[in-house]
Amino acid sequence: MKKLRFKNRNGVLYFGFGDKFKSSGLKDTKVNRNIITSRFRNGAFDKSLELNKQSKVLSVNDYLAKVILEKRQSVRQNTFKTYESSFRRISSFFEDKKITDVKPIHIKEFYQSIADKGFSKTLINRAKFILKEVFDLSILNEDIASNPVIVVKLPKVDQVPKEQKPFTLDEIDLILSSAKGQFKNFLGISFFTGARSGEVLALQWSDIDFVKETISITKSLSKGFINEPKTVSSKRDVEMLPMAKKYFEAQRLETGLQNGFVFTKSDKVSHYANNSLFYNTYREILDKVGLQRRSLHNTRHTFASMMLNNQIEPLWVSSMLGHKNLDITLKVYTHYIPKKEKMVIGFLEKRYKNGTIGS
């Protein structure tokens, strides 16, 4: 005869065999345990509680399908797309493995398989997030008692930080002089606002105030969709510098009459699905003028570096970039801030030039 086991979950008595447990609906007391034991010996479970009735154990992929459905209904479409690679990797690795057969060692091997392919820690963390939800769902379904994902540490991923190579002012001039039309205006606005390409392409003319010389950044274009930024700090009103204003005014001649999006397709109405066309044109310009290829995001790095290198207040730069706080800005760009040979503390020298007070 199988050995009957008990568990206490939040004061409720659960009973079962092996790692399979069922709620009795009773408080966990000695009396109730004796009642369950007595019913078990009398064979009452088969008829009334059906604990011994065999049920199909779902696989990892069965639960993954449920998580995918939940995510599709609860998150934004562009966020869902970022999960898709994790869905594929989990499905491919575990295949038809039953959820009850997965041990912590299997989770560890899964993480390592991703790391060995050179993927980033961010991607591994995303896969961990999805996998944890898969096993949490299995716990709710009472297939397993604990989540194996929790006890497994992520593998160390040795990633060499990408060296930022911002453009010089001479290189900016060279790039812009070789660009034409709205591609030139797009690059000019990117270089002199520090905005992300998705933020620039999501701008509408109603976001641009030529009188107050401000730009309201409240949206971002990603994977064909325009959404609100993920972080509160990314929504911001920023100063329109004279050089940026010059390119906005030039772009107004291209699309301003429609009072819709600042950058549009040839129909002068539809916004772009992504930045691919602008990136490809930008890359062609770099090749043409003989400059090393760099990401389009480099326009943002260039803005930050040239401002900080010319001793512009870091807090202002941070607000222009839409960073959550100054620490983020300094962590990325601190090496662009010029170091003084000697710090002059003028107010102290003035106060104590005749010696210590009271001496």
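(A) Structural context of the overall build of the protein. Helix and strand content of the protein: 15 helices and eight strands. The buried share of the protein, taken over its 359 residues, is 39%. The long-range share in the protein, meaning contacts at least 24 apart out of those at least 6 apart in sequence, stands at 58%. When the accessible surface of the protein is summed, it comes to about 21,600 Å², and 51% of that surface belongs to carbon and sulfur atoms.

(B) How the structure looks around the sheet that holds strand β4 (residues 208-209). Reading across from one edge, β4-β5-β8 is the order of the three strands in this open sheet, with antiparallel pairing throughout. Both edges of this open sheet fall to β4 and β8 (236-239), since each of them pairs with a single strand only. Of the strand pairs in this sheet, strand β5 (residues 214-217) and β8 are connected by four bridges, and their pairing is antiparallel. Bridge pairing in β8 places I215 opposite V238.

(C) Broad picture of the layout of surface pockets. If you add up the space inside the largest pocket, you get close to 1,300 Å³. At the level of secondary structure, the elements contributing two or more residues to the lining of the largest pocket comprise α4 (77-94), α9 (197-201), β6 (220-222), β7 (225-227), α12 (298-309) and α14 (326-333). Partitioned by chemical class, the residues of the lining of the largest pocket number eight nonpolar, 22 polar and 14 charged.

(D) View of the sheet that holds strand β2 (residues 12-17). Strand order in the open sheet formed by three strands is β1-β2-β3, with antiparallel pairing between adjacent strands. The open sheet is flanked by β1 (5-9) and β3 (20-27), the only strands paired with a single partner. The sheet shows a mean angle of 30° between the axes of neighbouring strands, direction not considered. Direction of pairing for β2 relative to β3: antiparallel, over a ladder of five bridges. Note that in β3 the partner of F17 across the bridge is K20.

(E) Main features of the pattern of salt bridges. In this structure the tally under the stated criterion is 10 salt bridges. The partner of R33 in a salt bridge is D28, and the shortest N-O contact between them spans 2.8 Å. Judged by its relative accessible area of 29%, R33 falls in the partly exposed class. For R196, the salt bridge identified is with E199, shortest N-O distance 2.6 Å. When its relative accessible area of 25% is taken as the criterion, R196 is described as partly exposed. Residue class for E199 comes out buried when judged on its relative accessible area of 3%.

(F) Geometry of helix α7 (residues 169-178). All of the buried residues along α7 are I172, I175, L176 and S178. Seen from one end, α7 has its buried residues packed into an arc of 165°, which puts them on one side. What points out from α7, more than 90 degrees from its buried face, is the exposed set D170 and S177. Its buried side turned inward, α7 meets α8 (181-193), α10 (242-255), α11 (276-289) and α12.

(G) Quick look at the packing of aromatic side chains. By the definition in use, this model includes 17 aromatic pairs. Measuring from ring centre to ring centre gives 5.6 Å for F80 and F87, while their planes differ by 50°; the resulting arrangement is tilted. F87 shares its class with F80; the two are buried. Plain terms: the ring middles of F186 and F263 are 5.8 Å apart, the flat faces sit at 85° to each other, and that makes the pair edge-to-face. Of the two residues, F186 sits in helix α8 while F263 sits in the loop between α10 and α11, which places them 77 residues apart along the sequence. Grouping residues by exposure puts F186 and F263 together as buried. Site record: aromatic cluster; members linked through ring pairs are F183, F186, F263, Y272 and F278. Seen from the ring of Y14, R9 lies directly overhead, with NZ or CZ sitting 4.6 Å from the centre.

(H) Quick peek at the packing of helix α13 (residues 314-321) against α14. Where α13 meets α14, the axes come as close as 9 Å, and the angle between the chain directions of the two elements is 100°. Between α13 and α14, the angle falls in the class roughly perpendicular. On α14, the residues that touch P314, L315, S318 and L321 of α13 are L326, T329, L330 and Y333. By residue class, the composition of the contact of α13 with α14 is six nonpolar, two polar and no charged.

(I) Broad picture of the confidence of the model for the protein. In this model, the protein carries an average pLDDT of 85, and 87% of its residues clear a pLDDT of 70 or more. Counted against residues more than four places away or in other chains, residues 46-54, with its pLDDT under 50, gives 12 contacts.

(J) Spotlight on unusual backbone geometry. Here E95, not a glycine, exhibits a phi torsion of approximately 45°, which is positive. The topology assignment puts E95 in the loop between α4 and α5 (104-116). The exposure class assigned to E95 is exposed, which follows from its relative accessible area of 52%. Notably, E142 is not glycine yet its phi reads approximately 65°, a positive angle. Within the secondary structure, E142 sits in the loop between α6 (121-140) and α7. Among the residues examined, E142 registers a relative accessible area of 26% and is labelled partly exposed.

Cut-offs applied
- Residues numbered from 1 in each chain as written.
- Predicted model: local features only at pLDDT ≥ 70, side-chain atom pairs only at ≥ 80, totals over all residues.
- Heavy atoms only, no water.
- Helix = DSSP H or I, 4+ residues; strand = E, 2+ residues; numbered from the N terminus.
- Buried < 20%, exposed > 50% of the residue type's maximum accessible area, 1.4 Å probe, protein only.
- Contact = heavy atoms within 4.5 Å.
- Areas by Shrake-Rupley, 256 points an atom, 1.4 Å probe, with all protein chains shown as cover.
- Pairing = 2+ DSSP bridges.
- 1 Å grid on protein atoms, 1.4 Å probe; cavity = no way out; pocket = protein on both sides within 12 Å on 5 of 7 lines; lining within 4 Å.
- Points joined across faces, edges and corners; volume = space filled by probe spheres on them.
- Nonpolar A, V, L, I, M, F, W, Y, C, P; charged D, E, K, R; others polar.
- Axes fitted to C-alpha atoms, helices over the stretch in contact; angles between N-to-C directions.
- Salt bridge = Lys/Arg side-chain N within 4 Å of Asp/Glu carboxyl O.
- Arc of directions from axis to C-beta.
- Phe/Tyr/Trp six-rings, centres within 6.5 Å; stacked < 30°, edge-to-face > 60°.
- Lys NZ or Arg CZ within 6 Å of the ring centre and 35° of its normal.
- Parallel < 35°, antiparallel > 145°, perpendicular 65-115°, else oblique.
- pLDDT = per-residue confidence, 0-100.

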